[in-house]
Each structure stands twice: as structure tokens, then as C-alpha cells.
Amino acid sequence: MDIVEQNQIVSPRLRSLISWYESQSATAGAWPAKGALDPTLIPPESRPFVAIVDVQMGPMRIIYHMLGGALVEAIGMDLTGKFLDEVDIPQAKDLPEWFQRGVAAPGALFARSTQTVQHVNLVYEGSCFPFGESDDDPRSLLICEDFLSAEFWQGATEGRATS
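Residues numbered from 1 in each chain as written. Predicted model: local features only at pLDDT ≥ 70, side-chain atom pairs only at ≥ 80, totals over all residues. Heavy atoms only, no water.

With respect to the helices, strands and loops of the structure, aspartate 136 is situated in the loop between strand 5 (120-131) and strand 6 (139-147). Buried charge without a partner: aspartate 136 forms no salt bridge, and the closest opposite charge is lysine 34, 4.0 Å away. Within the structure, aspartate 136 has its side chain in polar contact with the backbone nitrogen of glutamate 133 (distance 2.8 Å). (Helix = DSSP H or I, 4+ residues; strand = E, 2+ residues; numbered from the N terminus. Buried < 20%, exposed > 50% of the residue type's maximum accessible area, 1.4 Å probe, protein only. Lys, Arg positive; Asp, Glu negative; His and termini not counted. Salt bridge = Lys/Arg side-chain N within 4 Å of Asp/Glu carboxyl O. Polar contact = N/O pair within 3.5 Å; in protein donor to acceptor, adjacent residues only side chain to side chain.)

What follows is the structure in C-alpha cells.
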């Protein structure tokens, strides 16, 4: 996964979420308050592709408070209410580093990568939006994951669910 600049994001779902996130902060450049993290206010086109997590510091643990339907489908299970270290999913080895980077970043973090699933290359864009204060414990993050070639993503998730 490569960290990219906000202006390099091409996903319409992420672009919509970026605009929404920036509108949630009372002060330009500041993290929006935790109270602004209302799933019903997230743009509808982005909602299936987002997760809300809390990152507990020292020792670091990650709990999912919400997982959008597209992510549930991609992962193959609903992680809502579960700690990442208590589930067996292939992504579990990479996610703690991503979330650690998210809570350490001064603002939103963006990434792009290519994943191969069932011999299909999927271009992925992701984001990590912090909420609250930088010294909160736990720290709240809004995560968005989008595969830019949805028809390939659908086929790959169907293959993942059966393997």
C-alpha cells in the first residue's frame, strides 16, 4: 500500500467523503469532533464502503463500531463489535500498521495499492479520517475502502467467499 496525496485520489466515493469530512470541522485543518461522526450523515454513496473504528492505545487494540455492507461482503463477515485481534481475516496482519499511521497522522491519510484476488488485479484506494482530539484514547477513525473496478471486485469477493 502506497501513501498518496489527497489530490491523487480518483474514487468518486472517496472524493465525496473528503468533502464531507472537511465540512465537519469547525476549524480548517483540525480533526472534526467525535460527535460529528454520525453514520447517518455520511454521504450515502460512500456509506457501504466505510468502517468506524476505535483505536485503543497502549497496548493498541482496534474495535469495529460499524462496517458498511460492501466491506462486509468483501471481508466475508461483519466485524461490528469485534476486536481486530479476535478475528481471522487475511487483512488482519496489515491493518494495525494502517490504523497506527492513521492516528499518528496530522490529518486524513490516503493510500492506493493493487491487490490480486483469484488472479484478478484490483486497484484499491483507501482513506483514514481521524475524529476527536489527537490525544484521545481511544481514537476514532472513519475508514473508507474502494476498489476502482467494481465489476472485478464483485467477482473477486464472490471467489473469496467460496475459498
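With that out of the way, let us pick up the pattern of salt bridges. Evaluation of the coordinates by the stated rule reveals six salt bridges. Ionic pairing is found between arginine 13 and aspartate 146, a salt bridge with its closest N-O pair at 2.8 Å. Of this pair, arginine 13 sits in helix 1 (residues 12-23) while aspartate 146 sits in strand 6; the two residues are 133 residues apart in sequence, bridging distant segments of the chain. Among the residues examined, arginine 13 registers a relative accessible area of 26% and is labelled partly exposed. Ionic pairing is found between glutamate 97 and arginine 101, a salt bridge with its closest N-O pair at 3.9 Å. Linking glutamate 97 with arginine 101, this pair stays in helix 3 (residues 95-104), spanning four residues, or about one helical turn. Its relative accessible area of 39% is what places arginine 101 among the partly exposed residues. The network of salt bridges with common partners includes Arg61, Asp85 and Glu86.

If you trace the backbone, glutamate 73 turns up in helix 2 (residues 69-75). For the pair glutamate 73 and proline 48, spaced 25 residues apart in the sequence, the C-alpha separation amounts to 9.8 Å.

As a further point, take helix 1. Counted at 1.5 Å a residue, the expected span for helix 1 with its twelve residues is 16 Å, and the 17 Å between its end C-alpha atoms agrees. Along helix 1, the positions that sit buried rather than exposed are Leu14, Ser16, Leu17, Ile18, Trp20 and Tyr21. Between a side-chain oxygen at the N-terminus of helix 1 and the backbone nitrogen of arginine 13 the separation is 3.2 Å; the capping residue is serine 11. (Expected span 1.5 Å × (residues − 1).)

This part covers unusual backbone geometry. Residue proline 59 is reached from glycine 58 by a cis peptide bond, and omega for that bond is -5 degrees. Among the secondary structure elements, proline 59 is positioned in the loop between strand 2 (50-56) and strand 3 (61-67).

As enumerated under the stated definition, the model contains six aromatic pairs in all. Both rings, one in tryptophan 20 and one in phenylalanine 131, keep their centres 6.2 Å apart while their planes meet at 40 degrees; by these two values the pair is tilted. Taken together, the residues span a long stretch of sequence, with tryptophan 20 in helix 1 and phenylalanine 131 in strand 5 at a distance of 111 residues. In this structure, tryptophan 20 and phenylalanine 131 share a single accessibility class: buried. (Phe/Tyr/Trp six-rings, centres within 6.5 Å; stacked < 30°, edge-to-face > 60°.)

Turning to the confidence of the model for the chain, a few remarks are in order. Counting all residues, the mean pLDDT for the chain is 84, and 89% of those residues have values of 70 or more. Within the chain, strand 3 carries the highest mean pLDDT (94), whereas helix 4 (residues 150-162) carries the lowest (49). Here residues 159-163 is a poorly scored stretch, pLDDT under 50, and it has eight contacts once near neighbours within four places are set aside; other chains count. (pLDDT = per-residue confidence, 0-100. Contact = heavy atoms within 4.5 Å.)

This part covers a nonpolar patch on the surface. Together, Val10, Val123 and Leu148 give the surface a local cluster of nonpolar side chains, amounting to about 220 Å² of exposed area. As for its placement among the helices and strands, valine 123 is situated in strand 5. (Patch = residues over 30% accessible without salt bridge, like charges linked within 9 Å, V, L, I, M, F, W, Y side chains within 5 Å. Areas by Shrake-Rupley, 256 points an atom, 1.4 Å probe, with all protein chains shown as cover.)

Let us look at the nonpolar core. Within the largest apolar cluster, 23 residues are counted, with the highest numbers of intra-cluster contacts made by Val53, Tyr64, Leu84, Trp98, Phe99, Leu141 and Ile143. Counting only elements with at least two residues in this core, the list comes to strand 2, strand 3, helix 2, helix 3, strand 4 (109-117) and strand 6. At four residues, the largest contribution of residues to this core is made by helix 3. Contact partners of phenylalanine 99, with chain neighbours within four places excluded, come to Val53, Val55, Ile62, Tyr64, Leu84, Leu141 and Ile143. In this structure, Ile18, Ala36, Leu37 and Phe110 belong to the second largest nonpolar core, which totals 21 residues. (Core = buried A, V, L, I, M, F, W, Y, C linked by side-chain atoms within 4.5 Å.)

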